[in-house]
Structures are given as structure tokens and as C-alpha cells.
Amino acid sequence: MSRQRYPQPPASEITPEPVYRARRQLMGLGLASPLLALAGCAGAEDAPAVAPARSDSPDGFRTDETLTTWQDATSYNNFYEFGTGKADPARNAHTLQPAPWSVVVSGEAESTGVFPLEDLLRPHAVQERIYRLRCVEGWSMVLPWQGVPLADVLGRLKPTSKARYVGFTTLAEPAQMPGLRYPALDWPYREGLRIDEAMHPLTLLATGLYGKDLPNQNGAPLRLVVPWKYGFKSIKSIVRIHFSEQMPVTSWNQSQPNEYGFYSNVNPDVDHPRWSQASERRIAGDGNRLFANRIATLPFNGYGEQVASLYEGMDLRKWF
């Protein structure tokens, strides 16, 4: 069956990758070159780090930082349902069938049931967002997503006053996902947000990347993008949305709660138990993954102006 395409911006509004990259390279002329450091998370606290030169839109929807290439963005991935190696998803995700696709909506909401994806998304205009993505492993990318604000979709589903959290579940189909044969996690993969985080304008339900449909290895046909949190919070290939009064169980927090908190906000001052989070390897388009430029990690991944108020009064070391 041919893959269902969802509304995308007109071609005239999508900047081709070479133009994207050339524009950012021109803007970066004259800036000092970041120092290189050995890849890996352990020992990152000893790596030289410089703050990235960036200029974000006031709403945080766009940044002029150099984009990660399509090649790197689609071949260096974590998607354990297709294998635990970075190249495994690109190698194995061709077995995923992203159409037809439905999403089950359940829990504390007025509108629940099974929604074909096109019905869930059709009323909403697709937007482009250029966000930083920071992995808890200590590497990062800058990616141009297309999608719809999660708040718009959730608003139509009408969560009740009891809905304090919203949880998400990934497809778990062994015939399509060979990694499910191995107990890397307690399948299916689950993630969740507090309802105010989910309704924040930065939170995106992504359907595309670089003006194209999401590749399978990047979470086709529907994934979450929460740019101020570590990348594993941005759950892929979503098949369920559940509204609840209680904090939902999330996969990495369930697996290793001392390493992966429920909130998982990017915080350079809270180290992972096995490595520093003070800096990151920016995979920025030169194909250099092992010896990528190391830069300073920013609180909330640089989106503090937009989201810090969500956590006012919270101990972000306890609620990491």
C-alpha cells in the first residue's frame, strides 16, 4: 500500500538542504572554530567546550545554527526496536509499515477512540520548526522538522480536569521491528509529559524532516519532539495517547531510574551517573561523528527563556 502523505508546506516555502546550510555557513563566517574533543560521554568534563553561536527566534521555533546533514540525521539514530547500534535503524527500519496508521486515544479526555492518523492531523496546518536535539548520551544535532503543535491536537481531544499527564506508546510489532526480540527494554516503549509540558507551544508532533515525510528510522509516521528535553523523551512511531491523573510509567525511567528521570530536562549541572552532561558532541554536517565539535551544553538545551517557568520552585536535581 502506498504511504499516506499528510499536508506539508508548499514547496516554495521549504528551503532545500544546500540552501539551508549555505545560509548558516555565511552567517557563521568570522566566528572562532570550536575545539575538537574525543567522542564519548565518559570524561566529557575534561573536554574543551565553547558556547555555540546561535540566534533563535523569540518563540524558539527557529535557530540559525548549522543544520545536521540529511545523511547524518537519517543514519545516526537511536531506535532500539530496530537494534541498539546507531546504524541499525537505517539498516533495519525498511520493515516498518507507516501506512495505514491509527492512534488510540484513551483516558481522561472527552474524545477517545481509534483515530486514523489522517483524521487526527488533517484539521491542523503543518508548521516548520528548526530545533536542537540533545541526546542523553552526550551528542546533539540541529534538525528542521515539520509537524503540528501537540497542543492543537490535544485541544481537540478535550482532556478533562483530571488529566495531569499525557502518556505515549510506540508500536510494538515483532514482524516489523526485529529489535523487539531482545529485552533491551520492557516493550512497548512508553514516554510521558506533564500536561502543561505537552501543551507548551514548543512541543511538536512531527510528521516530516527536511520537508519530506519522516523516514522510518526517525520515527515514521508520527513522533514527538520536545526540544528542551533529552532526545529519548521524543518518542517515535506513536500508536497510543493516554491522558491520566497519575504520572505514567516511562521506559527508561522504569529501566534505570537512577540514570533517567521522568522529566529529563537538559541540565548541564546534573551529570549522568556515568558521564558529564556539561558539554556535547555537535554532529553538524561535516560527517565527523567520532571527533565532532564539542560545545557547552545549555540549560534546557537553550530553551530556558521559553520553558523555565514550567519548573519554577522545583528542585531540578531531585526532579531530573
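Just so it is clear, the model here is predicted, and its values are computed rather than measured.

A. Focus on the packing of aromatic side chains. Under the definition given, this model contains 11 aromatic pairs. Their ring planes at 15 degrees and their centres at 5.6 Å tell us that F300 and Y311 sit as a pair that is stacked. With F300 in the loop between β12 (293–296) and α8 (304–307) and Y311 in the segment after α8, this residue pair connects regions lying 11 residues apart in the sequence. Comparing F300 with Y311, the two get one shared label, buried. Ring-pair connections join several aromatic residues into one group, and the members of that group are Y165, F262, Y263, F300 and Y311.

B. Spatial organisation of the nonpolar core. By size, the foremost hydrophobic cluster in this structure holds 74 residues, and its most contacted members are W145, V166, F168, L224, W228, I241 and F243. With five residues, strand β4 (residues 139–149) is the single largest residue contributor to this core. Non-local contacts of I241, meaning those with residues more than four positions away in its chain, are made with V103, V104, V105, S106, L154, V166, G167 and F168.

C. Looking closely at the pairing of strand β10 (residues 238–244). Of all seven residues in β10, five are buried, a share of seventy percent or more. Pairing geometry for strand β1 (residues 102–107) and β10, over four bridges, is parallel. Its bridge partner being in β10, V105 is matched across the sheet by I241. Bridge count for strand β5 (residues 165–170) against β10 is six bridges, and the pairing is antiparallel. From the neighbouring strand, T170 faces β10, where its bridge partner is I238.

D. A look at helix α5 (residues 150–157). Among the residues of α5, those classed as buried are L150, A151, V153, L154 and L157. Projection of α5 onto a plane perpendicular to its axis shows the buried side chains occupying an angular sector of 160 degrees, all on one side. K158 lies just past α5 and shows a positive phi near 60 degrees.

E. Layout of the pattern of salt bridges. Summed over the entire model, instances satisfying the criterion amount to 14 salt bridges. With its nearest N and O atoms 2.7 Å apart, the salt bridge here joins K229 to E197. Taken together, the residues span a long stretch of sequence, with K229 in the loop between β9 (223–225) and β10 and E197 in helix α6 (residues 195–198) at a distance of 32 residues. According to the relative accessible area criterion, E197 is buried, its value standing at 0%. Linked through salt bridges whose partners overlap, the residues forming this network are D56, E65, R132, R134, E280 and R282.

Definitions and cut-offs
In this convention, every chain numbers its residues from 1, walking through the sequence in written order. Only residues with pLDDT of at least 70 are given local features in this predicted model, and only at 80 or more are side-chain atom pairs given and counted; all residues enter the totals for whole chains, interfaces and linings. In computing side-chain properties, one takes all heavy atoms of the structure into account and sets aside hydrogens as well as water. Between 30 and 60 degrees the pair is tilted, below 30 it is stacked and above 60 it is edge-to-face, where a pair is any two Phe, Tyr or Trp rings, Trp via its six-membered ring, whose centres lie within 6.5 Å. The secondary structure listing takes helices from DSSP runs of H or I that are at least 4 residues long and strands from runs of E that are at least 2 residues long, numbered from the N terminus. A 1.4 Å probe rolled over the protein chains alone gives each residue an accessible area, and that area as a share of the maximum for its type sets the label: buried under 20%, exposed over 50%, partly exposed in between. For our purposes a nonpolar core is just a set of buried Ala, Val, Leu, Ile, Met, Phe, Trp, Tyr and Cys residues, chained together by side-chain atoms within 4.5 Å. Here, two residues are considered to be in contact whenever any of their heavy atoms come within 4.5 Å of each other. Two strands make a pair as long as DSSP finds a minimum of two bridges between them. It is the directions from the helix axis to the C-beta atoms that the arc portrays. A side-chain nitrogen of Lys or Arg and a carboxyl oxygen of Asp or Glu constitute a salt bridge if their distance falls within 4 Å.

In short, shape yes, function no, at least from these values alone.
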